[in-house]
Amino acid sequence: MRLDLLPSQCAAMDTIKYLLSEDQMPTAWYNIQADLPAPLPLVLHPGTGQPITPDDLAPLFPMSLIQQEVTQERWVEIPDEVRSIYRQWRPTPLYRARRLEQALDTPAKIYYKYEGVSPAGSHKPNTAVAQAYYNKQAGVKRLTTETGAGQWGSSLAFAGALFGLEVLVYMVKVSYNQKPYRRALMETYGARVVASPSSETQAGRSILETHPNSTGSLGIAISEAVEIAAQDEDSKYALGSVLNHVLLHQTIIGQEALAQLEMAGDYPDIVIGCTGGGSNFAGIAFPFLGAKLRGEREVEIIAVEPAACPTLTRGKYAYDFGDTAHLTPLVKMHTLGSTFVPEGIHAGGLRYHGMAPLVSHVVDLGLAQPRSEYQLGCFAAGLTFARSEGILPAPEANHAVKAAIDEALKCKASGESKVILFNLCGHGHFDMQAYMDYQAGKLVDTEYSAKEVAMALAGLPSVG
C-alpha cells in the first residue's frame, strides 16, 4: 500500500464491480428519437407504399407498444410491475476488467456491463418482460416469436411464465440443432419450440418446397411467427430486436452504466456493442449517444457484427421487408436482402439480414462506426476474456469483446489511457459445443457470398 494514500482511496483504486441499489434503478426508458438531428424514415405499408398507421399494426401488437414505437418523447415511464420483476436481476453490475487490462498490458481502462446475470442469461428479458406485461394488459392469450441462438426465445418463455401467457417459438433450424440446451430451457419455462422452417405455416412450407434442407434464417422464422399471430385474434407477435420499442426497453442498460461510471469517476471514450438486430448495442450505446447529441460529452460508438452477416458494413441502406415471406411492413434499414440466408455460424443471434432502423439511421448519420469480425478471432477473444475475467461470453458477445481488446491494444501501442466500455450481453453456458468445436479446430471463418447477396438485393422492393 502506498503510504501517501488514505485507505478509502486505495479501495477505490482496486474496485472491481460497481453496484447500484434497487431503488437506484431507472424509472423510465430513454428514447433517442427525441435527440436525433434528423427524424427516422417512415415505415411504409407494403401494399400501398403509404406510411403505416397504428391500425395496420394492431393485428400484431397491443396499442401500448405501438404508441411506444412511434413516440417522440424523450422518456417513457417503466410500469411499476415491470420494475418489480426487473429487481430480480437489475441493476446489473458494471465491472472494471482489471485482470484483462493486466493480461493485455494496456494503459486503457476497460469496463463491461454484465447482462448475463438475468434468469435467462442475457439482456433480452429487459424487453421480454415489458412486452409480456403490455400484452397481458391487453388481454392477449398467446405470444408467437422467432429466435436465433435462443437467447430471445428463452427470455420470452421466462416472461410468458411470469404473466401466464402461452409462448410459441420458431427457432432457426441450425440453432435448434446446435443448441439443444437452450431449447430445453425454453421448454422448461413452458414454451413450445418449433424448428424453422417448419411445415406448420404456409411460409415454412413454401421454403421447404424449394429448399427441403434449409438451415433456416431469422427472416424465415419471423415469417412463420407473424403468420400465426395474424391468423389468431387471441395471439400477438413479439420481436426480440429491431423495432423501436424493443431498443427503447434496452436503454435501461446504458442508463445504469452512466450512473455506475460516475461512481467510478470515469466516462467512456469508446462504447462498444455487438450488433445483429441492434437491441443490446442500442441498450448500451443510446444513452451515451444521447448525451453527445445534447452537447454534454463526446464519445466514440462502435457497432460490431459478424463478417458472415455484415449488414452494416456491406449491406445496402434501403427499404426492405423484415421477413422472408414479405408479411411485415417496409422499413428503411441496412439490409443484405430479405431472402439472404447466412452461414450457420455459432453467433446465431447476429445472423439477421437487416438491422434495426434506429441503429441503421444512427450509422447513416455518421454517429456510430460499424466493423465486422470473423468468428475465429471472436472465439479467441472470448477465451482470453474468460481466462482473465472468469466469465465465458456468449458467441454473440465475443464480437464486442474482440473490439474492446483491439481498442485496448491500440492504446498499448499509442500509450493512450482511454476508457473503454462494452456490453457483455450474455453468458455462453449454453454454447459449450461452440467452444468445444473451436478448441478442436472444427470452426472456420466464413464470409458472406457476394453472389447470393447481390441476388437478394436485386429483389429489394421498389419504393418511390
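Our subject is the structure listed above.
Reference entry: report on the structure contained in this document. (Residues numbered from 1 in each chain as written. Predicted model: local features only at pLDDT ≥ 70, side-chain atom pairs only at ≥ 80, totals over all residues. Heavy atoms only, no water.)

So, about the overall build of the protein. The secondary structure content of the protein amounts to 20 helices and 15 strands. By the compact-globule yardstick of 23 Å for 464 residues, the protein fits well, its C-alpha radius of gyration being 21 Å. Each principal axis of the C-alpha atoms in the protein carries an extent, and together these give about 75 × 50 × 45 Å. Taking as baseline every contact in the protein between residues at least 6 positions apart, the subset at least 24 positions apart corresponds to 77%. Accessible area of the protein: about 17,500 Å², with a carbon and sulfur share of 51%. (Helix = DSSP H or I, 4+ residues; strand = E, 2+ residues; numbered from the N terminus. Rg over C-alpha atoms; globule rule 2.2 N^0.38 Å. Contact = heavy atoms within 4.5 Å. Areas by Shrake-Rupley, 256 points an atom, 1.4 Å probe, with all protein chains shown as cover.)

If you look at the biggest cluster of nonpolar residues, it comprises 70 residues, and the most contacted ones within it are Trp29, Tyr86, Val129, Phe286, Val359 and Leu421. In terms of residue count, helix H14 (residues 279-293) provides more of this core than any other element does, eight residues in total. Setting aside residues up to four positions removed in sequence, Tyr86 forms contacts with Met25, Trp29, Ile78, Pro125, Asn126, Val129, Ala130, His249 and Ile252. If you look at the next biggest cluster of nonpolar residues, it comprises 29 residues, including Ile110, Ile272, Val304 and Phe422. (Core = buried A, V, L, I, M, F, W, Y, C linked by side-chain atoms within 4.5 Å. Buried < 20%, exposed > 50% of the residue type's maximum accessible area, 1.4 Å probe, protein only.)

Turning our attention to the side chain of His427. With respect to the element layout, His427 can be found in the loop between strand S15 (419-424) and helix H19 (432-439). What makes His427 buried here is its relative accessible area of 9%. Here the side chain of His427 touches His429 through a polar contact of 3.1 Å, landing on its backbone nitrogen. Setting aside its immediate chain neighbours within four residues, His427 contacts Tyr114, Gly116, Gly121, Gln151, Leu392, Pro393 and Ala394. (Polar contact = N/O pair within 3.5 Å; in protein donor to acceptor, adjacent residues only side chain to side chain.)

Let us now look at the pairing of strand S5 (residues 109-114). Within S5, five of the six residues are buried, which leaves it mostly tucked inside the rest of the structure. Across three bridges, strand S4 (residues 94-96) lies against S5 in antiparallel orientation. In the strand pairing of S5, Arg96 is matched with Tyr111. Taken together, the six bridges between S5 and S15 define a ladder with parallel strand orientation. Opposite Tyr111, over in S15, you have Leu421 as the bridge partner. (Pairing = 2+ DSSP bridges.)

This part covers the sheet that holds S5. A sheet is described by the order of its strands in space; here seven strands give the open sequence S1-S4-S5-S15-S10-S11-S14, paired in mixed fashion. Whereas interior strands pair on both sides, the edge strands pair on one side only; in this sheet they are strand S1 (17-18) and strand S14 (369-373).

Bringing the packing of H14 against helix H16 (residues 357-364) into the picture now. Relative to each other, H14 and H16 sit at 50°, their axes nearing to 11 Å. As summarised for this structure, H14 and H16 are arranged oblique, according to the angle between their axes. In this structure, the crossing between H14 and H16 has a hand that is left-handed. On the side of H14, the interface is formed by Phe281, Phe286 and Leu289, while H16 contributes Leu358, Val359 and Val362. Taken together, the residues that form the contact of H14 with H16 break down as six nonpolar, no polar and no charged. (Axes fitted to C-alpha atoms, helices over the stretch in contact; angles between N-to-C directions. Parallel < 35°, antiparallel > 145°, perpendicular 65-115°, else oblique. Left-handed = near helix turned anticlockwise from the far one by under 90°. Nonpolar A, V, L, I, M, F, W, Y, C, P; charged D, E, K, R; others polar.)

The parallel open sheet is built from four strands, whose spatial order is S8-S7-S6-S9. One side of each edge strand has no neighbouring strand; the edge strands of this open sheet are strand S8 (192-196) and strand S9 (235-237). The mean inter-strand angle of the sheet, taken between neighbouring strand axes irrespective of direction, is 25°. Note: strand S6 (residues 142-147) against strand S7 (residues 166-172), six bridges, orientation parallel. Note that in S7 the partner of Thr147 across the bridge is Met171. In the packing of helix H7 (residues 151-163) onto the sheet, the strands contacted are S6 and S7, and the crossing angle to S6 comes to about 165°. Contacts between helix H11 (residues 218-231) and the sheet are confined to S6, S7, S8 and S9, with S6 contributing the most and set at about 170° to the helix.

Moving on: the pattern of salt bridges. Inspection of every chain in the model, using the stated rule, returns 17 salt bridges. Arg87 is the partner of Glu22 in a salt bridge, and the nearest nitrogen-oxygen pair spans 3.1 Å. Of this pair, Glu22 sits in the loop between S1 and strand S2 (28-30) while Arg87 sits in the loop between helix H4 (80-86) and S4; the two residues are 65 residues apart in sequence, bridging distant segments of the chain. Overall, Glu22 belongs to the partly exposed group, its relative accessible area being 43%. (Salt bridge = Lys/Arg side-chain N within 4 Å of Asp/Glu carboxyl O.)

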